[in-house]
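In case you want the letters, here they are:
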Amino acid sequence: MLVVSQMLGGLGVAIGIALAPMLATEVTGSEALSGLAPTASVAGTALLSLPLAALMTSRGRRPGLVLAYLIGALGGALVVLGTMARSFPLLLLGMAAFGAGSSANLQARFAAADLVGPERRGRAISTVVWATTIGSVVGPNIAAPAGRLFRGSPVPETAGPYLWSAVAFLAAGVTVAVLLRPDPLLTARALAPRSPQGEGKRSLRAGVAVVRESPMAKLALGTVTMSHTAMVSIMVMTPVHLGGHGAGLQLIGLVISGHIAGMYAFSPVMGWLADRFGRLSVIGLAVGLLSCAALLAGTAGPRHGQTALGLFVLGLGWSAGMIAGSALLTDSVPQEARAAVQGLSDLTMNAAAGIGGATAGVIVAQWGYGPLNAVGAALLLPVAALALRRSMKPSAAGA
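Report follows, based on the coordinates.

Basis of the calculations
Every chain begins its residue count from 1, and numbering advances along the sequence as written. Reporting of local features is limited, given that this is a predicted model, to residues whose pLDDT is at least 70; pairs of side-chain atoms are given and counted only at 80 or more, and all residues count toward the totals for whole chains, interfaces and linings. Side-chain measures here rest on the full set of heavy atoms in the structure, leaving out hydrogens and waters. The way it works is that DSSP assigns letters per residue, a run of H or I at least four long becomes a helix, a run of E at least two long becomes a strand, and they are numbered from the N terminus. Radius of gyration here uses only the C-alpha atoms, and the compact-globule reference equals 2.2 Å multiplied by the residue count raised to the power 0.38. Buried residues are those whose accessible area, probed at 1.4 Å on protein chains only, stays under 20% of the maximum for their type, while exposed residues exceed 50% and partly exposed ones sit between those limits. Note on areas: Shrake-Rupley, 1.4 Å probe, and residue coverage restricted to the protein chains presented here. Positive: Lys, Arg. Negative: Asp, Glu. His and the chain ends are not part of the count. Taken as the charge location is NZ of Lys, CZ of Arg, CG of Asp or CD of Glu. Contacts are residue-level and defined by heavy atoms, with any inter-residue pair within 4.5 Å sufficient. In summary, the pairing rule links any two rings of Phe, Tyr or Trp, Trp by its six-membered ring, whose centres are within 6.5 Å, and it sorts them by plane angle into stacked for under 30 degrees, edge-to-face for over 60 and tilted for everything else. We count a charge as sitting over a ring when the NZ of a lysine or the CZ of an arginine lies within 6 Å of the ring centre and within 35 degrees of the ring normal.

1. Concerning the overall build of the chain
Tallying secondary structure elements over the chain gives 16 helices and zero strands in all. The C-alpha radius of gyration of the chain comes to 20 Å, within 12% of the 21 Å expected for a compact globule of 399 residues. Taken along the three principal axes of its C-alpha coordinates, the chain extends 60 × 45 × 30 Å. Expressed as a percentage of its 399 residues, the buried residues of the chain come to 58%. Just so you have it, the chain exposes about 14,800 Å², and 69% of that area is on carbon and sulfur atoms. Computed over 25 positive and 12 negative side-chain charges, the separation of the two mean positions in the chain equals 4 Å.

This is how it looks when you write it as structure tokens:
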């Protein structure tokens, strides 16, 4: 069930990723503001993370996932209305609500980990992440054909695909509502040994306290946050960079598809590596891949093939960091606090990525795409240092 919902949700999210910067440029006429549309989506994902986590903590995974997909569908409709009205505030509001679809897809990876042991947790998370591949790779490539279906209608061609995204989110929500039974989080709680203090650890405030007390949880949170921020900051401005060097919508869609394939298609490999060789080893791999990607993309200039390769490697690095970090985070906190800590993780990483995406447009407008990649690589230095420090401690040997 999670695999099917991820395919549908991935389709909806990917269409939005491919077109958001160009849609913002079209509505505002300013390239410097182009990064605000995808940033609004990331910010919406972040802002919705806490209420969705609170809902899941009290009611289970199913209500939270369904609500997130419904809000994402509403966001797709608002994006279309904002484009038709040439209203940038309405467009940003729609993109923020659209980000709820990403919230659902992100939380689904934790639903996959609710009922498995640590020795298989990386593979369980990676299986659900992998399921996003089909929808995410297809999404950017059907953006242009989907837009052409609206030629001659009041709906702009660049905004039309968001209606398809709304339909995909609705289908994903219905799938979860009907088929996610029994609820994995509630089942895991029922099977876990009862703790007298368990109820008190389910609040978001308690989740923050749990992370503060665990060095491994801090490393996991930092890995997920910085990997996601570096990836989003570079990725959201790549369509604008390619367009400035003469690339058309079809080529941009192919490049983004390659990037998303790197994010999701090889996730089972990352999950196996995280279970077989440990979370810290794969975190180190993530830092290396993301840094290599920044070097490739940042020095590509008009060479579209090198940019495409850089974006593919960027996706691989994100996959390694997201899966190893998510598995380590789940490993490092008690069961009763996991939903709260996982919600905190999604809030932190999306809030940081939102700031990164907003700043990315300004950096590209003022200094260029190359310096943006350099900044993205620099974000990984604290993660590398902390992972190295933890790997040298005896207690980290089995991590």
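After that view, the rundown keeps rolling.
2. Re helix α11 (residues 267-277)
Among all positions in α11, only S267, M270, G271, L273, A274 and D275 are buried. Immediately beyond the C-terminal end of α11, within one or two residues, lies G278, with a positive phi of roughly 105°.

3. Comments concerning the environment of A131
Relative to the elements of secondary structure, A131 occurs in helix α5 (residues 118-148). Assessed through its relative accessible area of 0%, A131 is described here as buried. When the C-alpha positions of A131 and L8 are compared, they lie 9.3 Å apart, and in sequence the two are 123 residues distant. Residue contacts for A131: discarding those within four places in its chain leaves V3, Q6 and M7.

4. Topic: unusual backbone geometry
With an omega dihedral of 0°, the bond running from R181 to P182 counts as a cis peptide bond. Following the sequence through the fold, P182 ends up in the loop between α6 (161-179) and α7 (184-191). Of note, R86 is a non-glycine position whose phi angle comes to about 55°, a positive value. Structurally, R86 can be placed in the loop between α3 (61-84) and α4 (88-113).

5. Overview of the packing of aromatic side chains
In the structure shown here, the tally under the stated rule is six aromatic pairs. For the pair F266 and F312, a centre-to-centre distance of 5.9 Å together with 80° between the ring planes defines the contact as edge-to-face. Placement of F266 in the loop between α10 (249-264) and α11 and of F312 in helix α13 (residues 304-332) is noted, with a sequence separation of 46 residues between them. With a relative accessible area of 38%, F266 lands in the partly exposed category. According to the relative accessible area criterion, F312 is partly exposed, its value standing at 25%. Here the aromatic rings of W272 and F277 are separated by 5.8 Å at their centres, their planes lie at 85°, and the arrangement is edge-to-face. A residue is classified by how much of its surface remains accessible, and W272, at 42% relative accessible area, is partly exposed. Clustering of aromatic rings is evident, with ring pairs tying together Y69, F98, Y162 and F169. Here R276 stacks its cationic end above the ring of F277, 4.9 Å away from the centre of that ring.

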